[in-house]
Amino acid sequence: MQEMILDTDFLARIAPYIEPLTDEERSIYIAEGEESVKIRAEEGMPPGDYLQLVENIGLYLGKTTGEGFESHYQKISLPGSKTLLVIQLPGGGNLNVFLTPVGKMILDTGYGCYYKDCERMLKTIGAGDFSDVGFVVCTHGDADHCGASGYFPVAPVMHPVTRALLDSGTRGYASPNGREILEKFYTTTINTYSRMYVPDEVRLCKTEPIRKHGLFSIIDEFTFADMRFEVWASLGGHIAGQIFLYEPDEGLLFTSDALLNFATLTKERANYSSIADSMIGSVNVNSETARIERRELMRIAKEMDDDLKKSGRRLLICCGHGAVSILDEKGMLSPYSEPWYYSAKSC
Ligand SMILES: [Fe+2]
Ligand SMILES: [Fe+2]
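Residues numbered from 1 in each chain as written. Chains lettered and ligands numbered in written order. Predicted model: local features only at pLDDT ≥ 70, side-chain atom pairs only at ≥ 80, totals over all residues.

### Structural notes on the overall build of the protein chain
Using the following cut-off: The way it works is that DSSP assigns letters per residue, a run of H or I at least four long becomes a helix, a run of E at least two long becomes a strand, and they are numbered from the N terminus. It is over C-alpha atoms that the radius of gyration is taken, and the globule rule equals 2.2 Å times the number of residues to the power 0.38. Our exposure labels follow a C-beta count within 10 Å of each residue's own C-beta, placed from the backbone: buried means 20 or more other C-beta atoms, exposed means 12 or fewer, and partly exposed covers the counts in between. In this description, a residue-residue contact is defined by the distance between C-beta atoms placed from the backbone, which must lie within 7 Å.
For the protein chain, the count of helices and strands is nine helices and 16 strands. Scaling as 2.2 N^0.38, a compact globule of 347 residues should have a C-alpha radius of gyration of about 20 Å, and the protein chain matches this with 20 Å. For the protein chain, the spread of C-alpha atoms along the principal axes amounts to about 70 × 45 × 40 Å. Within the protein chain, the proportion of its 347 residues that are buried is 45%. Restricting to contacts in the protein chain with at least 6 residues of sequence separation, those with at least 24 account for 59%.

Spelled out as structure tokens, the structure:
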């Protein structure tokens, strides 16, 4: 019998993380893990290093849930007695919570494993709980953006391609790039270890272009409280089905993972973020398209910001990960405000 790289010791160490998998899913997962280790080894990554990355996801998520949960968050006052909380979670993308007189709106949910921690945090900082959430939007199918969507009281809104991507079980869906096994193994790893829970019933956004902002088509519009959000279709550089959201009255642009303020992540969060890149090679299914999207978003953001400045306002760029930012004199992302710190230990 051929010797397995994912040996008994390694499988024992990851056993608690893959506990939700059925026997069949577990066999497929292990076989895809073997393949992935070999692919990355050919690209220069020692098998031991690759396996350590996989285990580190479980260790990190375990360490940062419950009493180990901590976050930085920005509190942005909006007209009409509304507040936007942008919460940088210990791992993965931001949880955006709009507090409004008619209830809460959630834009990207964070990992499933952080849901309870986030609700506890909201209670502690005097922002209530999730029982009055009336609207949930997921910008794309990565677990750190939609993994807790099944816990909220309303069905989440997403692009139909995101629904199909989630059903397919791989973030490489509809993006053939020759790294299918790596994408699939990473997807099963992160979805399982972070306890992703997306409900069967979701609400699909429209997909027909209404008009355009530069290279991006506006495909739908949502309203919640007195806010109206344009839904922009991405070009799919990060992942197929990704959408951006823009609220013109408040000057809020949600770029999802097409634009990140990586420099504002703590060292631990930045290290954790780099695991996905190291496992797959790149978290962008098409790096060239991702570069075009980034450039275009920055160009549009500058244009909108210049426009808003005329009425004494600024465009707030709400990145997928990292602090809400504005453009500085050099046109670079700069944190909009000093974040507050929350730790579950201190409450
Ligand atoms: Fe993300
Ligand atoms: Fe992502």
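### Topic: the domain arrangement of the protein chain
In many reports, interface size means the accessible area that the parts give up when they come together. What counts, and what does not: The source of the domain bounds is an automatic or database domain assignment. Residue classes follow a fixed rule: Ala, Val, Leu, Ile, Met, Phe, Trp, Tyr, Cys and Pro count as nonpolar, while Asp, Glu, Lys and Arg count as charged, and any other residue, Gly among them, counts as polar.
Looking at the assigned domains, one finds that the protein chain contains domain 1 (8-63) and domain 2 (66-346). Each of domain 1 and domain 2 was reduced to a C-alpha centroid, and the two centroids are 27 Å apart. The leading source of residues in the side of domain 1 that touches domain 2 is helix H3 (residues 47-63), at eight residues. The residue inventory of the side of domain 1 that touches domain 2, partitioned by class, reads 11 nonpolar, four polar and three charged.

### Quick look at helix H2 (residues 23-42)
The condition that has to hold: Expected span, for any helix, means 1.5 Å times one less than how many residues it has. The arc in question is the one spanned by the directions pointing from the helix axis to the C-beta atoms.
Along its 20 residues, H2 runs 29 Å from first to last C-alpha, staying within 8% of the 28 Å computed at 1.5 Å per residue. Of the positions making up H2, those classed as buried are Glu32, Gly33, Ser36, Val37 and Arg40. Each buried residue of H2 lies within a common arc of 150 degrees when the element is viewed along its axis, so the set occupies one face. Across from the buried face of H2, at angles greater than 90 degrees, the exposed residues are Asp23, Glu24, Ser27 and Glu42. Against the buried residues of H2 lie H3 and helix H7 (180-193).

### A word on the nonpolar core
Rules: Here, a nonpolar core means buried Ala, Val, Leu, Ile, Met, Phe, Trp, Tyr and Cys residues linked by C-beta atoms lying within 7 Å of one another.
In this structure, Ile87, Tyr114, Phe244, Leu245, Leu253, Ile317 and Cys318 are the most contacted members of the largest nonpolar core, which totals 86 residues. Here Leu245 is in contact with Leu107, Val137, Phe229, Glu230, Val231 and Phe254, once residues within four sequence places are set aside.

### Considering the pairing of strand E1 (residues 70-78)
What counts is decided by this rule: Pairing between strands requires that DSSP locate at least two bridges from one strand to the other.
Where E1 meets strand E16 (residues 340-343), four bridges bridge the pair, whose relative direction is antiparallel. Paired with Glu70 across the two strands is Ser343, which belongs to E16. Examined bridge by bridge, E1 and strand E2 (residues 82-88) share seven bridges and lie antiparallel to one another. When the bridges of E2 are listed, Lys75 appears paired with Leu85.

### Looking at the environment of Ser334
One can find Ser334 in strand E15 (residues 333-335). Separated by 316 residues in sequence, Ser334 and Ile18 have C-alpha atoms that sit 39 Å apart.

### With respect to unusual backbone geometry
Here the phi dihedral of Asp108 falls at roughly 70 degrees; this positive angle occurs in a residue that is not glycine. Judged by C-beta crowding, with 31 C-beta atoms within 10 Å, Asp108 ranks as buried. With a phi close to 65 degrees, Ala174 is a non-glycine residue in the positive phi region. Positionally, Ala174 belongs in the loop between helix H6 (160-168) and H7.

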